[in-house]
Amino acid sequence: MRFSIYRYNPETDAEPRMQRFELESVSRGMMLLDALLRFKEQDESLVFRHACGEGHCGADGVNVNGVNVLACTTRLSILREPVQVTPLPGLPVIRDLVVDMEAFFSQYRAVRPYLIADDPEPEVERRQSPEQRAGLDGSFECILCACCTTQCPSWQNNPERYLGPAALLQAWRFLNDSRDTATEERLNDLAGPYALFRCRTVMNCVNVCPKDLNPTEAIGRIRRLMLKSSL
Amino acid sequence: MMGSGITPWLLQRLSSVYLGLYGSCIAICWMGRPAPDHAAWTAWVGQPWVSLGMGLFVLALLLHLWVGLRSLLMDWVTRTAVRAALNGLLLIGLTGVGLWALRTLWRAGL
């Protein structure tokens with residue numbers, strides 16, 4: 001199986017280049033991460049992130065043939081040859097397939113992804129009904145791999161001002177939490193033409209999310225909540 | 001919170017609903033009828049409710065266009081001065097089209 005992998009070391013290379021690799025035998029169920037680990041044995045200088053290898057940590061997001069995926073959950077059998085592996089688009093490359101995620105995480109921090117509860121602290125924990133808890137399904141499972149945000153054309157056009165689907169999904173997760181009391185402040189944080197309203201419902205985020213989440217729907221819900229609170 | 005980005009978004013949605021409804025009404029009105037000549041068309045548009053509806057249709061279309069094109073400029077034109085200039089040209093152009101449409105409807109009997 002033929003691969004073409006993005007190589008770039010800003011300290012030594014003037015320009016990025018694509019390096020060819022070949023995999024002699026592909027066993028059943030083999031994932032892209034397994035292939036990358038084999039290539040790492042052939043060429044120790046190849047650099048990429050990986051950790052859990054099971055699609056939980058979100059460390060090994062890469063772009064394969066133009067589509068963002070997690071290397072550890074992408075079967076080689078579904079990939080078209082030659083398999084082009086490049087870093088997640090729109091983020092600065094540190095080296096080879098490793099990108100600088102600071103811009104992504106600063107947007108995540110901007111939505112204050114934690115519970116804000118100003119009401120008096122109860123003697124026991126802040127409780128939710130089963131229905132209130134079920135309302136959070138589909139928003140808390142995000143593993144922050146950045147596959148959605150970096151595949152979004154609106155974010156690529158305005159990476160500094162549009163928060164992107166991952167951060168907005170987290171914004172909705174806390175706006176929709178029955179225990180959170182900072183709804184108005186959170187909505188004010190999202191006000192303006194850029195932070196929330198650059199989403200053009202292209203839905204690339206939905207297509208590439210390795211956890212099958214729906215940030216586009218979350219963005220729509222935030223807009224409806226904003227409309228409701230402004231009427 | 002109005003004017004915080006939600007106003008253009010709401011305008012775009014409301015205008016699209018009106019465009020769809022009025023467009024459907026026109027299609028239903030003329031379905032199965034022969035293509036009108038200029039005199040018949042002018043007489044039809046000259047009816048107060050039709051011309052009022054048509055005027056609102058043009059207004060909704062221009063608002064819808066403004067939001068869509070403004071979004072394109074926000075996405076693709078990063079220099080503030082260039083974007084402001086293009087937005088100004090866009091507003092002048094759309095206002096011109098609106099006035100021209102108003103003149104046409106006025107002549108038809110609005």
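Residues numbered from 1 in each chain as written. Chains lettered and ligands numbered in written order. Predicted model: local features only at pLDDT ≥ 70, side-chain atom pairs only at ≥ 80, totals over all residues. Heavy atoms only, no water.

1. A word on the overall build of chain B
Working step 1: Tallying secondary structure elements over chain B gives four helices and zero strands in all.
Working step 2: Taken against the 2.2 N^0.38 rule, which gives 13 Å for 110 residues, the C-alpha radius of gyration of chain B at 17 Å runs more than 25% over that of a compact globule.
Working step 3: Expressed along its principal axes, the backbone C-alpha trace of chain B runs to roughly 50 × 25 × 25 Å.
Working step 4: Taking all 110 residues of chain B together, 32% fall into the buried category.
Working step 5: Restricting the contact set of chain B to residue pairs at least 6 apart, pairs at least 24 apart contribute 66%.
Working step 6: Counting every atom, chain B has about 6,900 Å² of accessible surface; 76% of that belongs to carbon and sulfur. (Helix = DSSP H or I, 4+ residues; strand = E, 2+ residues; numbered from the N terminus. Rg over C-alpha atoms; globule rule 2.2 N^0.38 Å. Buried < 20%, exposed > 50% of the residue type's maximum accessible area, 1.4 Å probe, protein only. Contact = heavy atoms within 4.5 Å. Areas by Shrake-Rupley, 256 points an atom, 1.4 Å probe, with all protein chains shown as cover.)

2. Here's the deal with the nonpolar core
Working step 1: Counting 68 residues, the largest nonpolar core has Phe3, Ile5, Leu32, Phe39, Leu76, Val85 and Leu190 of chain A as its most contacted members.
Working step 2: A per-element tally of this core places helix H6 (residues 164-175) of chain A first, with seven residues.
Working step 3: When residues of this core are assigned to domains, at least three map to each of domain 1 (2-99) and domain 2 (102-230) of chain A.
Working step 4: Beyond its immediate sequence surroundings of up to four residues, Phe3 of chain A is in contact with Gln19, Arg20, Phe21, Leu23, Leu32, Ala35, Phe39, Leu76, Val83 and Val85 of chain A.
Working step 5: In this structure, Tyr22, Val45, Val50 and Met54 of chain B belong to the second largest nonpolar core, which totals eight residues. (Core = buried A, V, L, I, M, F, W, Y, C linked by side-chain atoms within 4.5 Å. Domains from an automatic or database assignment.)

3. Thoughts on the environment of Gly88 of chain B
Residues and elements named next belong to chain B.
Working step 1: By the element assignment, Gly88 lies in helix H4 (residues 80-108).
Working step 2: Under the relative-accessibility criterion, Gly88 is labelled partly exposed at 27%.
Working step 3: Gly88 sits 16 residues away from Leu72 along the chain, and the two C-alpha atoms are 14 Å apart.

4. Some thoughts on the packing of helix H9 (residues 215-230) of chain A against helix H1 (residues 6-30) of chain B
Working step 1: The contact between H9 of chain A and H1 of chain B brings their axes to 11 Å, and the two run at 100°. Classified by the interaxial angle, the pair formed by H9 of chain A and H1 of chain B is roughly perpendicular. Between H9 of chain A and H1 of chain B, the residues in contact are Arg223, Met226 and Leu227 of chain A and Ile6, Trp9, Leu10 and Arg13 of chain B, respectively.
Working step 2: Across the contact of H9 of chain A with H1 of chain B, the residue classes break down as five nonpolar, no polar and two charged. (Axes fitted to C-alpha atoms, helices over the stretch in contact; angles between N-to-C directions. Parallel < 35°, antiparallel > 145°, perpendicular 65-115°, else oblique. Nonpolar A, V, L, I, M, F, W, Y, C, P; charged D, E, K, R; others polar.)

5. Looking at the sheet that holds strand S2 (residues 17-22) of chain A
Residue and element names in this part refer to chain A.
Working step 1: The strand order across the open sheet formed by five strands is S2-S1-S5-S3-S4, and the pairing between neighbours is mixed. Two strands lie at the open edges of the sheet, namely S2 and strand S4 (67-70), each paired on one side alone. Put simply, the sheet's adjacent strands are angled 35° from each other on average, direction ignored.
Working step 2: Examined bridge by bridge, strand S1 (residues 2-7) and S2 share six bridges and lie antiparallel to one another. Paired with Arg7 across the two strands is Arg17, which belongs to S2.
Working step 3: Against the sheet, helix H1 (residues 32-42) engages S1, S2, strand S3 (61-64) and strand S5 (83-86), with an angle of about 70° to S1. (Pairing = 2+ DSSP bridges.)

6. Focus: the interface of chain B and chain A
Where the parts come together, the accessible area they lose is often given as the size of the interface.
Working step 1: In this assembly, 15 residues from chain B lie in contact with 18 residues from chain A.
Working step 2: For the pair chain B and chain A, the two sides together bury roughly 1,500 Å², of which 59% comes from carbon and sulfur.
Working step 3: Scanning the region where chain B abuts chain A turns up one salt bridge.
Working step 4: Taken together, the links from chain B to chain A amount to three residue pairs in polar contact (both at pLDDT 80 or more).
Working step 5: Sorting the residues of the side of chain B that touches chain A by element identifies H1 and helix H3 (48-76) of chain B as the ones contributing at least two each.
Working step 6: Among the residues making up the side of chain B that touches chain A, the classes are represented as seven nonpolar, four polar and four charged. (Buried area = accessible area lost by both parts, 1.4 Å probe. Salt bridge = Lys/Arg side-chain N within 4 Å of Asp/Glu carboxyl O. Polar contact = N/O pair within 3.5 Å; in protein donor to acceptor, adjacent residues only side chain to side chain.)

7. With respect to the domain arrangement of chain A
Residue and element names in this part refer to chain A.
Working step 1: We note that the domain assignment places domain 1 (2-99) and domain 2 (102-230) within chain A.
Working step 2: Taken over C-alpha atoms, the centre of domain 1 sits 29 Å from the centre of domain 2.
Working step 3: The interface of domain 1 with domain 2 comprises 15 residues on the first partner and 13 residues on the second.
Working step 4: The junction of domain 1 with domain 2 conceals about 980 Å² of combined surface from both sides, 59% of it contributed by carbon and sulfur atoms.
Working step 5: Applying the counting criterion to the domain 1 and domain 2 interface returns five residue pairs in polar contact (both at pLDDT 80 or more).

8. Thoughts on the packing of aromatic side chains
Working step 1: Within this structure, the stated rule accounts for 10 aromatic pairs over all chains.
Working step 2: Where Phe3 of chain A meets Phe39 of chain A, the ring centres are 4.9 Å apart and the plane angle is 70°; that geometry is what we call edge-to-face. One end of the pair, Phe3 of chain A, is in strand S1; the other, Phe39 of chain A, is in helix H1, and 36 residues separate them in sequence.
Working step 3: A ring pair is formed by Phe197 of chain A and Trp9 of chain B, whose centres lie 6.1 Å apart and whose planes are at 55°; its orientation type is tilted. In this pair, Phe197 of chain A sits in the loop between helix H7 (183-189) and helix H8 (204-208) while Trp9 of chain B sits in helix H1, so the two residues belong to two different chains. Taken individually, Phe197 of chain A and Trp9 of chain B each receive the classification buried, so the pair is uniform in this respect.
Working step 4: Within the aromatic cluster, the residues linked to one another by ring pairs are Phe3, Phe21 and Phe39 of chain A.
Working step 5: Taking the ring centre of Tyr194 of chain A as reference, the NZ or CZ of Arg161 of chain A above it sits at 4.1 Å.
Working step 6: Positioned above the aromatic ring of Tyr194 of chain A, the side-chain terminus of Arg198 of chain A is 5.7 Å from the ring centre. (Phe/Tyr/Trp six-rings, centres within 6.5 Å; stacked < 30°, edge-to-face > 60°. Lys NZ or Arg CZ within 6 Å of the ring centre and 35° of its normal.)

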